[in-house]
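Close look at the chain arrangement
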Amino acid sequence: MKPDVKFWAEHGAMLLKHARHTARLHQQQLAEGSGTSRTTLSAYEHGRKSPTLETAGRILDAAGFRLALEPKVEFAGSVPSCLPRLPVSAALGIVAHGGRVYDLADREQRREAYAALLSEGRPQDVLDHVDGVLLVELWEDLDLPAPVRTAWAPLIERAKRGD
């Protein structure tokens, strides 16, 4: 698999800028806190330069974040390669699908939403609204068409075993 250098240059720049804005820091403050210059930080944030992994980690750390590794989710048909974990605000948020609005904080509404999303949703809908742990917990209670249950069952079983 060929790495997409342009993708990482653009997204790395956005990541650093987002971390700084979330931390409510000016470039100068973050640069000083991370041991780099403001002009170099600006170049990283605009994608003109790429920091080493160590430098990116130091900048993110100074902004109150840490660099983490998470699995890449790919889809075979409508089933992901692994079960994504969502931020709490998304996992228990509100989702509109198929003309209905579901409150994912309510277990019954989450059960209905997950059944609809797994049966009719696009891959992006699954990534945005289905939390892997909550899906496994609901699995036996989901009313799914047999082909959908069959397609998803191996992934759910792997998750239960901790594979």
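Anyway, here's the lowdown on the structure attached to this text. (Residues numbered from 1 in each chain as written. Predicted model: local features only at pLDDT ≥ 70, side-chain atom pairs only at ≥ 80, totals over all residues. Heavy atoms only, no water.)

Quick notes on the overall build of the chain
Across its full length, the chain holds nine helices and four strands. A compact globule built from 163 residues should have a C-alpha radius of gyration of about 15 Å, whereas the chain, at 20 Å, is more than 25% larger. Oriented by its inertia axes, the alpha-carbon framework of the chain measures out at about 60 × 35 × 30 Å. Looking at the chain as a whole, 34% of its 163 residues are labelled buried. Expressed as a percentage of contacts within the chain between residues at least 6 apart in sequence, the contacts between residues at least 24 apart total 52%. Carbon and sulfur atoms form 55% of the exposed surface of the chain, whose accessible area is close to 10,200 Å². The centroid of the 21 positive side-chain charges in the chain is displaced by 8 Å from the centroid of its 22 negative side-chain charges. (Helix = DSSP H or I, 4+ residues; strand = E, 2+ residues; numbered from the N terminus. Rg over C-alpha atoms; globule rule 2.2 N^0.38 Å. Buried < 20%, exposed > 50% of the residue type's maximum accessible area, 1.4 Å probe, protein only. Contact = heavy atoms within 4.5 Å. Areas by Shrake-Rupley, 256 points an atom, 1.4 Å probe, with all protein chains shown as cover. Lys, Arg positive; Asp, Glu negative; His and termini not counted. Charge placed at Lys NZ, Arg CZ, Asp CG, Glu CD.)

Notes on helix H9 (residues 146-161)
In this model, H9 (16 residues) spans 22 Å end to end at C-alpha, consistent with the 22 Å of a helix rising 1.5 Å per residue. Remark: the principal bend of H9, roughly 40 degrees, maps to Ala153, with a proline, Pro154, within the next four residues. Inspection of H9 places Val148, Trp152, Leu155 and Ile156 among the buried residues, and these make up the whole buried set. Against the buried residues of H9 lie strand S2 (79-80), helix H6 (107-120), helix H7 (123-129) and helix H8 (132-138). Looking one or two places after H9, you find Gly162, whose phi comes out positive at around 85 degrees. (Expected span 1.5 Å × (residues − 1). Bend = angle between axes of the 7 residues up to and from the residue.)

Observations concerning the pattern of salt bridges
Tallying each qualifying case throughout the model produces eleven salt bridges. The partner of Arg85 in a salt bridge is Asp131, with the nearest N and O atoms 3.0 Å apart. Of the two residues, Arg85 sits in the loop between S2 and helix H5 (88-91) while Asp131 sits in the loop between H7 and H8, which places them 46 residues apart along the sequence. Its relative accessible area of 1% is what places Asp131 among the buried residues. (Salt bridge = Lys/Arg side-chain N within 4 Å of Asp/Glu carboxyl O.)

Some remarks on the pairing of strand S4 (residues 100-103)
Bridge count between strand S3 (residues 94-97) and S4: four bridges; the pairing is antiparallel. The residue bridging Ala96 from the neighbouring strand is Val101, located in S4. Where S3 hands over to S4, the hairpin turn is made up of two residues, of which Gly98 adopts a positive phi near 60 degrees. (Pairing = 2+ DSSP bridges.)

Quick look at the side chain of Gln27
Here Gln27 shows up in helix H2 (residues 27-34). Within polar-contact distance, the side chain of Gln27 engages the side chain of Glu45 at 2.9 Å. The residues contacting Gln27, other than those within four sequence positions of it, are Arg20, Arg38, Leu41, Ser42, Glu45 and His46. (Polar contact = N/O pair within 3.5 Å; in protein donor to acceptor, adjacent residues only side chain to side chain.)

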